[in-house]
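Architecture and fold: a report
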Amino acid sequence: MPDISLVIMAAGIGSRYGGLKQVDPVGPHDELIIHYSVYDALRAGFDRIVFVIRRDIEDAFRARIGRMVEAQAAVDYVFQELHDLPGGAPAPVGRVKPWGTGHAVWCCRHTIQAPFAVINADDFYGATSFQAIAAHLRQASDQPGFYDFSMVGYPLQNTLSAHGHVARGVCQVAADGTLISIQEHTRIQAFSDGIKTWHEASDWTPLAPDTHVSMNFWGFTPALFGELEQRLAHFLHREDAALLRSELFLPNVVGELVQAQAARVQVLPTHEQWFGVTYRADRPRVQAAIQALLAAGVYPDRL
């Protein structure tokens, strides 16, 4: 069986928390969400962990997270850098913001030569989600005319915050379980009369609780790197002011490939409960959820 890798996008982790020292622990022995993800991935059969980080947080990241993982698995570090661009193109003057999740994954092009999964560093995805995508990646094989990709699909109701609105990739799924489309909704919220999404033209619109949404848990073959490179090159030829702040988002790239019938994306449904610290007030809920999983024997007291 081919080796499979897990790419963990962690370049923004220091920025969001003001430095790694302030990354919030959620486990009983100061474990982070990322530690539970790695634990689940290794149990599911992933062979290697690839961390995408910023170079300026390398030492702190290795000390807080990396060394623990290195003791258990093969680990690579990839740096998402502003000037790592197709063809050696220069970054535009004044650009300081990273290029987005599409660029983060493209930065792994020299490190990965086999099927791989991609997750966010600060989202809790659940053990069975890793098992499902690992099984798909083990047999993933691109065919003439289309790529063989996958995505873990969560019920919308399992991905909300009690403390405000969230952004989610809302998916349309065919009867055979393949992705038809994915559309980013930037403001979804639970109300007393149901879950709704905000549209400027139509105010709040209801969404079904069991709607499949993406939480950026993808499965890819290495063919993705060529597609990302083409889109990054095209992206850099823009001449508007938005080039200083726009990003290349991974779900948008996948959506374009699906619409062009260049990729078949198998949606792997899960009933796992997603957890994340979208708002600071979410942390106690995440801690309680982890404690419940410990009590149920899903995780040991010490990973």
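Look a little higher up for the structure.
Please read all numbers here as calculations on a predicted model, not as lab measurements.

What counts, and at which threshold
Residues numbered from 1 in each chain as written. Predicted model: local features only at pLDDT ≥ 70, side-chain atom pairs only at ≥ 80, totals over all residues. Heavy atoms only, no water. Helix = DSSP H or I, 4+ residues; strand = E, 2+ residues; numbered from the N terminus. Buried < 20%, exposed > 50% of the residue type's maximum accessible area, 1.4 Å probe, protein only. Areas by Shrake-Rupley, 256 points an atom, 1.4 Å probe, with all protein chains shown as cover. Lys, Arg positive; Asp, Glu negative; His and termini not counted. Charge placed at Lys NZ, Arg CZ, Asp CG, Glu CD. Disulfide = S-S within 2.5 Å. Expected span 1.5 Å × (residues − 1). Contact = heavy atoms within 4.5 Å. Phe/Tyr/Trp six-rings, centres within 6.5 Å; stacked < 30°, edge-to-face > 60°. Lys NZ or Arg CZ within 6 Å of the ring centre and 35° of its normal. Salt bridge = Lys/Arg side-chain N within 4 Å of Asp/Glu carboxyl O. Core = buried A, V, L, I, M, F, W, Y, C linked by side-chain atoms within 4.5 Å. Pairing = 2+ DSSP bridges. Axes fitted to C-alpha atoms, helices over the stretch in contact; angles between N-to-C directions. Parallel < 35°, antiparallel > 145°, perpendicular 65-115°, else oblique. Left-handed = near helix turned anticlockwise from the far one by under 90°. Nonpolar A, V, L, I, M, F, W, Y, C, P; charged D, E, K, R; others polar.

Time to look at the overall build of the chain. Broken down by element type, the chain carries 8 helices and 13 strands. In terms of overall dimensions, the chain has a C-alpha envelope of 50 × 50 × 45 Å along the principal axes. Across the 303 residues in the chain, those meeting the buried criterion constitute 53%. Just so you have it, the chain exposes about 13800 Å², and 51% of that area is on carbon and sulfur atoms. Of the charged side chains in the chain, 24 are positive and 32 negative; the average position of the first set lies 5 Å away from that of the second.

Okay, the state of the cysteines next. As enumerated under the stated definition, the model contains 0 disulfides in all. Free cysteine C107: the closest other cysteine sulfur is in C108, separated by 6.9 Å.

For the α-helix, the turn length of 3.6 residues means that residues three or four positions removed from each other point alike. Between its first and last C-alpha, helix α5 (residues 127–138) extends 17 Å over 12 residues, near the 16 Å set by a 1.5 Å rise per residue. What α5 keeps buried is the set A127, S129, F130, I133, A134, H136 and L137. As for α5, its buried residues are in contact with β1 (5–9), α2 (33–44), β4 (116–120), β6 (147–155), β11 (212–220) and β12 (263–269).

Under the criterion given, the structure shown has 19 aromatic pairs. Between the aromatic rings of F124 and F275, the centroid separation amounts to 5.5 Å while the plane-to-plane angle is 45°, which identifies the pairing as tilted. Separated by 151 residues along the polypeptide, F124 in strand β5 (residues 123–124) and F275 in strand β13 (residues 275–276) bring together distant segments of the chain. As far as burial versus exposure is concerned, F124 and F275 are alike and both buried. Clustering of aromatic rings is evident, with ring pairs tying together F116, Y147, F149, W218, F220 and F225. In this structure, R62 is placed above the aromatic ring of Y77, and the distance from its NZ or CZ to the ring centre is 3.9 Å. It is K196 that lies over the ring of F191; its NZ or CZ is 5.7 Å from the centre.

What the rule picks out here adds up to 12 salt bridges. Here R48 ties to D76 by a salt bridge, and the two come within 2.6 Å at their closest N and O atoms. Note that R48 is positioned in strand β2 (residues 48–53) and D76 in strand β3 (residues 74–79), a separation of 28 residues in sequence. Residue D76 is classed as partly exposed on the basis of its relative accessible area, which comes to 23%.

Turning our eyes to something else, we now look at the nonpolar core. One recurring pattern in soluble globular proteins: nonpolar side chains tend to sit buried together. With 45 residues, the main nonpolar core has F46, I49, F51 and F61 as its most contacted residues. At 4 residues, α5 tops the list of elements feeding residues into this core. Excluding its chain neighbours within four sequence positions, the residues that come into contact with F61 are A10, I13, L20, I34, F51, I53, G66 and Y77. Counting 35 residues, the second-largest nonpolar core is a separate cluster that includes Y147, F149, M151 and F220.

Counting buried positions over the 5 residues of β1 gives 5, a clear majority of the element. Across the two faces of β1 the burial is the same, with S5, V7 and M9 and L6 and I8 all buried. Both β1 and β2 contribute to a ladder of 5 bridges, which runs parallel. Residue pairing for β2: I8 is matched across the bridge by F51. As defined by bridge partners, β1 adjoins β4 across 5 bridges and the pair is classed as parallel. Bridge pairing in β4 places V7 opposite V118.

Our focus in this paragraph is α2. For α2, spanning 12 residues, the distance from its first C-alpha to its last is 17 Å, which sits close to the expected 16 Å at 1.5 Å a residue. Every buried residue belonging to α2 is among I33, I34, H35, Y36, S37, V38, D40 and A41, and all of these are buried. Phi for G45, located one or two positions after α2, is positive at around 105°.

What follows is about the packing of α2 against helix α3 (residues 58–70). At a minimum axis separation of 10 Å, α2 and α3 run at an interaxial angle of 20°. Classified by the angle their axes make, α2 and α3 are roughly parallel. Regarding α2 and α3, the two cross each other, and that crossing is right-handed. In this structure, α2 uses I34, H35 and V38 to contact α3, whose residues at the interface are F61, R64, I65, M68 and V69. Classifying every residue of the contact of α2 with α3 gives 6 nonpolar, 1 polar and 1 charged.

Any functional reading would require information that these geometric values do not contain.
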